[in-house]
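Residue-level structural notes
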Amino acid sequence: MSRINKKVAFFIVFLILVIIAGLFVKTPVDTETQVNDELKVGDMYIQFEDGISDSEVQTILESYNLTMNYSIKYNIDHVADKYYIMLDKDNWDIRRELSQKMKEEKRDWIISSPSQVIRKGDYHVFTVSEQAVQDENFLEILDKYDIQVKKFTWCYIRFEKPDGSRYWIPEKDAIRIKSELEKNENIFSIYLDYRY
C-alpha cells in the first residue's frame, strides 16, 4: 500500500471509531430544565363563608396538615367578588324576579354564569355586585324573600421557605390540597396563583 492509501485507510477507521463511540456515549441531560417546566403554585386565594374568624381559618388549615411553610393574610379586601347571596336550589321565584328587574333597570346585580355559581348542598351561592348592595330595588326583593346579603371572607395563603422567603409547590400538590379543602363546608372556592 502506498503512503497515501495508508493515510486514507487510517482516517476512515478513525471516523468509524468516532461514529461508534458517539452512538454509545450518553451525553449529560440537564435535569434542572425539566424541573423548571413543571407548573408551580406560589399562592392560594380561599373564599370562606361570611363570619368565619381568623382562628377558625387557622384551625381549618391546620386540620388538613399542610406540610409546607405558609403565611396567611386574613380577610383581604382587594378582591373583586366581595358579596354573595345563598338561594335554595328550588327557589325559582326570586331568581325570576331578580332577572326581570335586572333587565328592566339594565343592572348587573348578580353574576350568574355557570362558572361563577357555587353549589353548597341544597343551595346556590351567587356573587353579588357592589352596586347591588347599595341598590334599593335589589334590597327590596331580597327583603321580600327574607334573603340576606353576606360578605365573603377571603384569605390569602403564601407558600414560604423556613427563612420566610417566597416558595412554590408543584401543581399536583396544590390541586390535591385544593380538593381536600373544598370538602370543608365553610369554604366556597379556592383559586391557585401560578408562578411562571
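Residues numbered from 1 in each chain as written. Predicted model: local features only at pLDDT ≥ 70, side-chain atom pairs only at ≥ 80, totals over all residues. Heavy atoms only, no water.

1. What to know about the pattern of salt bridges
Note the following rule: What makes a salt bridge here is a side-chain nitrogen of Lys or Arg within 4 Å of a carboxyl oxygen of Asp or Glu, nothing more. Put simply, DSSP H or I for four residues or longer makes a helix, DSSP E for two residues or longer makes a strand, and each gets a number counted from the N terminus.
Scanning the entire structure with this criterion turns up ten salt bridges. The residue Asp 135 makes a salt bridge to Arg 107 at a minimum N-O spacing of 3.7 Å. Of the two residues, Asp 135 sits in the loop between helix H5 (130–133) and helix H6 (136–144) while Arg 107 sits in the loop between helix H4 (92–105) and strand E4 (110–111), which places them 28 residues apart along the sequence. The network of salt bridges with common partners includes Glu 105, Arg 107 and Asp 135.

2. Description of the confidence of the model for the protein
The following threshold applies: Here pLDDT means the predictor's own confidence in every residue, given as a number from 0 to 100. Every residue pair with non-hydrogen atoms within 4.5 Å of one another is taken to be in contact.
Summarising the model, the protein shows a mean pLDDT of 83, and 88% of its residues fall at 70 or more. Confidence over residues 30–34 falls short of pLDDT 50; this stretch has one contact with residues more than four positions distant or in other chains.

3. Here's the deal with the packing of aromatic side chains
This is how it is decided: Any Phe, Tyr or Trp ring, taking Trp's six-membered ring, that has another such ring centre within 6.5 Å forms a pair; planes under 30 degrees apart are called stacked, those over 60 apart edge-to-face, and the others tilted. Think of it in three bands: with a 1.4 Å probe and only protein chains considered, a residue is buried below 20% of the maximum accessible area for its type, exposed above 50%, and partly exposed in between.
Under the counting rule described, the total for this entry stands at eight aromatic pairs. Seen in terms of ring centroids, Tyr 84 and Phe 152 are 4.4 Å apart; in terms of plane orientation they differ by 25°. Their pairing is stacked. Of the two residues, Tyr 84 is situated in strand E3 (residues 83–88) and Phe 152 in the loop between strand E7 (150–151) and strand E8 (153–160); the sequence distance between them amounts to 68 residues. Across the pair, exposure class does not vary: Tyr 84 and Phe 152 are buried alike. Arranged with centres 5.1 Å apart and planes meeting at 75°, the rings of Tyr 84 and Phe 188 form a pair that is edge-to-face. Pair noted here: Tyr 84 is in strand E3 and Phe 188 is in strand E10 (residues 187–195), with a separation of 104 residues, a long-range link. Across this residue pair, the class does not change: Tyr 84 and Phe 188 are buried.

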